[in-house]
Amino acid sequence: MALLDAAREVRERAYAPYSGFKVGAAVRGASGRIYHGCNVENVAYPEGTCAEAGAIALMVASGETDLIEVAVIADSSGPVPPCGGCRQKLAEFGRADTPVLLATLGGATLATTIGELLPGRFDISHLSGTE
Ligand code: THU
């Protein structure tokens, strides 16, 4: 699968000297183009960025703001669940039914959706006040 292959390939370039945990992510924009990203850690730990954030940043910088598919891969005991912040980032550009494939290097996969990963998402409808 092209999207998962892209995530697997970019994962190898992850910069994760502190956790040793490399993650690769790929998103497919509505155009069909694939954008990939890897985690980039920092000695000031909170400054590190997740693989999903990198893929989304590349998509937006390339001129797209709708994603239709996501794949994430890591060398973990089970399919790696995106962190809470990344779930919100994915929800910004995808829909509740957007497919997300979580995978391990060992071949385990979990097919889910953005809606399953982030039920009760905070979205633009919550920004309008009642005053
Ligand atoms: N990480 C990601 O890149 N994506 C996730 O969804 C989970 C965590 C990275 C952040 C950090 O560099 C390393 O994995 C360990 O937490």
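Here the structure is a predicted model, which means the values were calculated and not measured.

1. Some points on the pattern of salt bridges
Under the definition given, this model contains four salt bridges. For E9, the salt bridge is made with R13, and the minimal N-O distance between the two is 3.8 Å. For R28, the salt bridge goes to E69, with nearest N and O atoms at 2.8 Å. Taken as a pair, R28 in strand β1 (residues 23-29) and E69 in strand β3 (residues 67-74) lie far apart in primary sequence, 41 residues in all. Like R28, the residue E69 is buried in the burial classification.

2. Side note on helix α2 (residues 51-61)
Within the span of α2, buried status applies to A51, E52, A53, A55, I56 and M59. Looking at the buried positions of α2, the neighbouring elements they touch are β1, β2 (34-38), β3 and α3 (84-93). Phi turns positive one or two residues past the end of α2, at G63, with a value near 105°.

3. Some details on the packing of aromatic side chains
Throughout the structure, instances matching the rule amount to one aromatic pair. Geometrically, the ring pair formed by Y18 and Y45 is tilted, given 5.7 Å between the ring centres and 45° between the ring planes. With Y18 in the loop between α1 (2-11) and β1 and Y45 in the loop between β2 and α2, this residue pair connects regions lying 27 residues apart in the sequence.

4. Some words on the site of the ligand
Around the ligand, the neighbouring residues are S19, F21, V23, N39, E41, C50, A51, E52, P81, P82 and C83. Contact distances for the ligand include 2.9 Å between an oxygen atom and a side-chain N or O atom of N39. Take C83: an N or O atom from its main chain is 3.1 Å from an oxygen atom of the ligand. Taken by itself the ligand offers 370 Å² of open surface, and the protein chains cover 76% of this. The cavity that encloses the ligand is the largest pocket. Along the lines of polarity and charge, the residues of the shell around the ligand split into seven nonpolar, two polar and two charged.

Procedures and definitions
- Residues numbered from 1 in each chain as written.
- Predicted model: local features only at pLDDT ≥ 70, side-chain atom pairs only at ≥ 80, totals over all residues.
- Heavy atoms only, no water.
- Salt bridge = Lys/Arg side-chain N within 4 Å of Asp/Glu carboxyl O.
- Helix = DSSP H or I, 4+ residues; strand = E, 2+ residues; numbered from the N terminus.
- Buried < 20%, exposed > 50% of the residue type's maximum accessible area, 1.4 Å probe, protein only.
- Contact = heavy atoms within 4.5 Å.
- Phe/Tyr/Trp six-rings, centres within 6.5 Å; stacked < 30°, edge-to-face > 60°.
- Near = heavy atom within 4 Å.
- Polar contact = N/O pair within 3.5 Å; in protein donor to acceptor, adjacent residues only side chain to side chain.
- Areas by Shrake-Rupley, 256 points an atom, 1.4 Å probe, with all protein chains shown as cover.
- 1 Å grid on protein atoms, 1.4 Å probe; cavity = no way out; pocket = protein on both sides within 12 Å on 5 of 7 lines; lining within 4 Å.
- Sits in = over half its atoms within 2 Å of the grid points.
- Nonpolar A, V, L, I, M, F, W, Y, C, P; charged D, E, K, R; others polar.

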